[in-house]
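# Examination of the molecular architecture
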Amino acid sequence: MLTLRDRQINAIKQMLNLNVQQPKALAAEPVWKILIFDRVGQDIISPIISIKELRELGVTLHVQLHSDRDSIPDVPAVYFCLPTDENLDRIQQDFGNGLYDVYHLNFLAPITRQKIEDLAAAALQAGCVANIHRVYDQYVNFISLEDDFFILKHQKSEQLSYYSINRANTRDDEMEALMDSIVDSLFAVFVTLGNVPIIRCPRNSAAEMVARKLEKKLRENLWDSRSNLFHMDATQAGGGVFSFQRPVLLLLDRNLDLATPLHHTWSYQALVHDVLELGLNLVYVEDDGTTNTGTRKKPKACDLDRNDRFWMTHKGSPFPTVAEAIQEELESYRNSEEEIKRLKTSMGIDGETEVAFSMVNDTTARLTNAVNSLPQLMEMKRLIDMHTKIATAILNYIKARRLDSFFELEEKIMSKQTLDRPLLELLKDPEFGLPEDKLRLYIIYYICAQNVPEFEFERMKEALQEAGCDLSPLAYVQRWKGIMNRSPAMSQAAQYEGGGTRTVSMFSKLVSQGSSFVMEGVKNLVVKRHSLPVTKITEQVMECRSNSETDDYLYLDPKLLKGGDVLPKNRAPFQDAVVFIVGGGNYIEYQNLVDHIKQKQTANVNKRIIYGSSTLSNAKLFLKELSALGREIQAPVLS
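Rules of the game
- Residues numbered from 1 in each chain as written.
- Predicted model: local features only at pLDDT ≥ 70, side-chain atom pairs only at ≥ 80, totals over all residues.
- Heavy atoms only, no water.
- UniProt positions renumbered as here; feature names shortened; annotations may be inferred.
- Helix = DSSP H or I, 4+ residues; strand = E, 2+ residues; numbered from the N terminus.
- Buried < 20%, exposed > 50% of the residue type's maximum accessible area, 1.4 Å probe, protein only.
- Contact = heavy atoms within 4.5 Å.
- Areas by Shrake-Rupley, 256 points an atom, 1.4 Å probe, with all protein chains shown as cover.
- Phe/Tyr/Trp six-rings, centres within 6.5 Å; stacked < 30°, edge-to-face > 60°.
- Lys NZ or Arg CZ within 6 Å of the ring centre and 35° of its normal.
- Pairing = 2+ DSSP bridges.
- Axes fitted to C-alpha atoms, helices over the stretch in contact; angles between N-to-C directions.
- 1 Å grid on protein atoms, 1.4 Å probe; cavity = no way out; pocket = protein on both sides within 12 Å on 5 of 7 lines; lining within 4 Å.
- Points joined across faces, edges and corners; volume = space filled by probe spheres on them.
- Nonpolar A, V, L, I, M, F, W, Y, C, P; charged D, E, K, R; others polar.
- Core = buried A, V, L, I, M, F, W, Y, C linked by side-chain atoms within 4.5 Å.
- Domains from an automatic or database assignment.

Within an unreviewed UniProt entry, the label attached to the chain reads Protein sly1 homolog, and the organism entered is Ceratitis capitata. The UniProt entry for the chain carries the following comment under Sequence similarities (unreviewed entry): "Belongs to the STXBP/unc-18/SEC1 family."

## Concerning the overall build of the chain
Across its full length, the chain carries 23 helices and 16 strands. Taken over 639 residues, the chain has a buried fraction of 52%. Contacts in the chain between residues far apart in sequence, at least 24 positions, make up 79% of those at least 6 positions apart. Working note: accessible area of the chain is about 30,400 Å², and carbon and sulfur atoms make up 52% of it.

## Topic: the packing of aromatic side chains
Under the defined criterion, the tally for this structure stands at 23 aromatic pairs. Plain terms: the ring middles of Tyr 139 and Phe 187 are 5.9 Å apart, the flat faces sit at 65 degrees to each other, and that makes the pair edge-to-face. Taken together, the residues Tyr 139 in the loop between strand E5 (132–137) and strand E6 (143–146) and Phe 187 in helix H7 (residues 172–193) connect sequence positions 48 residues apart. Residue Tyr 139 shares its accessibility class with Phe 187, and that shared class is buried. Note on Tyr 442 and Tyr 446: the rings are 6.2 Å apart at their centroids and 25 degrees apart in plane angle, and the pair reads as stacked. Of this pair, Tyr 442 and Tyr 446 both sit in helix H16 (residues 435–448), four residues apart, which is roughly one turn of the helix. Assigned by exposure class, Tyr 442 and Tyr 446 land together as buried. The side chain of Lys 217 reaches across the aromatic face of Phe 187, ending 5.1 Å from its centre. When the ring centre of Tyr 446 is taken as origin, the NZ or CZ atom of Lys 481, which lies over that ring, is 4.6 Å away.

## Some points on the sheet that holds strand E9 (residues 248–253)
On the basis of which strands lie adjacent, the open sheet formed by seven strands has the order E6-E7-E16-E15-E9-E8-E14 and mixed pairing. Edge positions in the sheet fall to E6 and strand E14 (554–556), since each has one partner strand and no second. Ignoring strand direction, the axes of neighbouring strands in this sheet form an average angle of 20 degrees. Judged from the six bridges that link them, E9 and strand E15 (residues 576–582) form a sheet pairing that is parallel. Paired with Leu 249 across the strands is Val 578, a residue of E15.

## Re unusual backbone geometry
Most peptide bonds take the trans configuration, and most residues that are not glycine carry a negative phi. Unlike most non-glycine residues, Asp 74 shows phi in positive territory, near 65 degrees. Considering the arrangement of structural elements, one finds Asp 74 in the loop between strand E2 (59–64) and strand E3 (76–81). Unlike most non-glycine residues, Leu 280 shows phi in positive territory, near 50 degrees. When you line up the elements, Leu 280 lands in the loop between helix H9 (268–276) and strand E10 (282–285). Residue classification places Leu 280 among the buried positions, given a relative accessible area of 15%.

## Considerations on empty space enclosed by the protein
All chains considered together, the criterion is met by six cavities of 30 Å³ or more. In this model, the largest cavity occupies a volume close to 90 Å³. In terms of lining, the largest cavity is formed by 13 residues, of which the most central are His 273, Asp 274, Ile 588, Asn 618 and Ala 619. At the level of secondary structure, the elements contributing two or more residues to the lining of the largest cavity comprise H9 and helix H22 (587–600). Element by element, the count of residues in the lining of the largest cavity is highest for H9, at three residues. Grouping the constituent residues of the lining of the largest cavity by class yields five nonpolar, six polar and two charged. Taken as a whole, the second largest cavity encloses approximately 60 Å³ of empty space.

## Points about the sheet that holds E3
In spatial order, the strands read E2-E1-E3-E4-E5; together these five strands make up an open sheet with parallel pairing. Bordering the open sheet on either side are E2 and E5, each of which pairs with just one other strand. Strand-to-strand twist across the sheet, computed as the mean angle between neighbouring axes with direction ignored, equals 15 degrees. Summarising the sheet, strand E4 (residues 102–107) and E5 pair through five bridges and their orientation is parallel. Its bridge partner being in E5, His 104 is matched across the sheet by Arg 134. Sheet strands in contact with helix H4 (residues 85–97) are E3, E4 and E5, and its direction is about 175 degrees off that of E4.

## A closer look at the nonpolar core
Counting residues in hydrophobic clusters, the biggest one holds 82 residues, and the most contacted among them are Leu 35, Phe 80, Val 272, Ile 390 and Ile 394. The dominant element in this core, judged by the number of residues it contributes, is helix H13 (residues 374–401), at eight residues. Apart from the residues within four sequence positions on either side, Ile 390 is in contact with Tyr 268, Val 272, Leu 276, Val 283, Val 285, Cys 302 and Leu 304. Ile 413, Leu 427, Leu 464 and Leu 474 belong to the second largest nonpolar core, which has 40 residues in total.

## What about the layout of surface pockets?
The computed volume of the second largest pocket comes to approximately 960 Å³. Along the wall of the second largest pocket there are 36 residues; nearest its centre are Val 40, Leu 82, Thr 84, Lys 153 and Gln 159. Only helix H2 (39–45), H4 and H7 provide two or more residues apiece to the lining of the second largest pocket. Examining the composition of the lining of the second largest pocket, we find that seven residues originate from one element, H7, more than from any other. Looking at the lining of the second largest pocket residue by residue, the class counts come to 12 nonpolar, 13 polar and 11 charged. When we break the lining of the second largest pocket down by domain, the ones giving at least three residues each are domain 1 (4–140) and domain 2 (144–256 + 534–631).

Listed below in structure tokens is the structure:
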């Protein structure tokens, strides 16, 4: 069954095939073409289609729309961009300069009637109407990072960030534009999936604004017989991703849980994002040492995509498991290398006896087999080297910042266990992590701890100030906690439970095999299974269980002509869910949902969850946003 990512790839491949469906049997020579995209188009294509794949699709050149471009006649130009005024002005400029002979215009989001008329007028004036072959609305304005994970913006993501949604002096028209932007992208997601969802979300939140607008947009499209994008719902290949059952779209507000985005993490993918700034499945790792001229080496770009078997297997594993797996892969590679060397030496057999000949024939067959597997071996070696480089960089951060201890402490705080050492003592310890790490730990404690006297918090704040922390986020977190405590449904939903960790025997495999990872001083933590607030709510909504916190959620069905927002009495559990966080998501929640759904799979029940968020921010970025919000409270900005 095709995933959201597969469907987006197919839509873009069809666009690059000049919007003609290519029959599977006929793998014809592609039409050579140029691809011209804006920054948003580039962000959408880069995590899902590699340059090599673009070449195979006939793209000889890909360039930025707003760069200086020379005229290239006789080659179709495929434009892939948003229909913004700035982009359309540039396209009209291209018409005027007669840069290309054939234009295929593909807009990421629908272009308005007025804008298309302006574009037609410009084409008429430039005398190139006949050169414009196609104009398409593509409905692919979202970024697929995984088969089951999408975000709406990467570059300029601050436009949809937690700060933008929650800042004090946002004007109404700015908020409307921000919400419309989220709704348009979510609409594109469901057009790509080929399904109309049932929408659930908490009342009186940013999520409700998005839900109401999205329901209106879906309903208008469904009842408009000429431009209905879902009329193929049941007939198109596979009838959408979720064939017979409709999915539930669960819209949640980031305000539901501020602790998880700040949480130190222990799984591979989330660690790469937290400490190495993973972006669009690409991470830059500093190379050790310097070049011959004495300058520092440039950071090396590492592509972490789904063609990387090791990454796909281990991205959700705890870091120690990953280190051991890299070591095992290395052993396996060395064994294969040894085998080839051994076969080569055994080829020099003396004597002309029949035995020798049979041995030579046998060895030749084995050597041919080994040589044929060389390309796989080379690829295996490249991946091992890349993951060793990434894991070593992470390990250095873990040791320098004591990330294992922070993770263990936060898990204990979130699962209400008692700490071995008082928190104040740890915050005062100058050797214990960076100021930023201490602040993250304190905020999580402040959010999760109950019945702690005020003076204790004050003493901790003093310790943080001495450690050089910027305390501006605390003003905002304090106000947020006050609001949460006043709304029982919200505070109940954000209860943390279970979890915790246990330390297992120190990395025995790594120590005994003389690994390149020096793991001394790092705890081998095993994480106990537990559900984060987002996962708990998702489970309740999918199971349709009656529960005080989710019963009050809005229930919107765009297929009903007169939609109410109250739960119908008899409901079947949902097999499929799209969970979307307004205000930014993170890999920790994504991994928690993936683990949860794996546990739920049985022989006859196949449940699926897609996780999405307006932006993807790591803890460092989220702290910056909280700081900006806190500073607004300390020194109110006059609008």
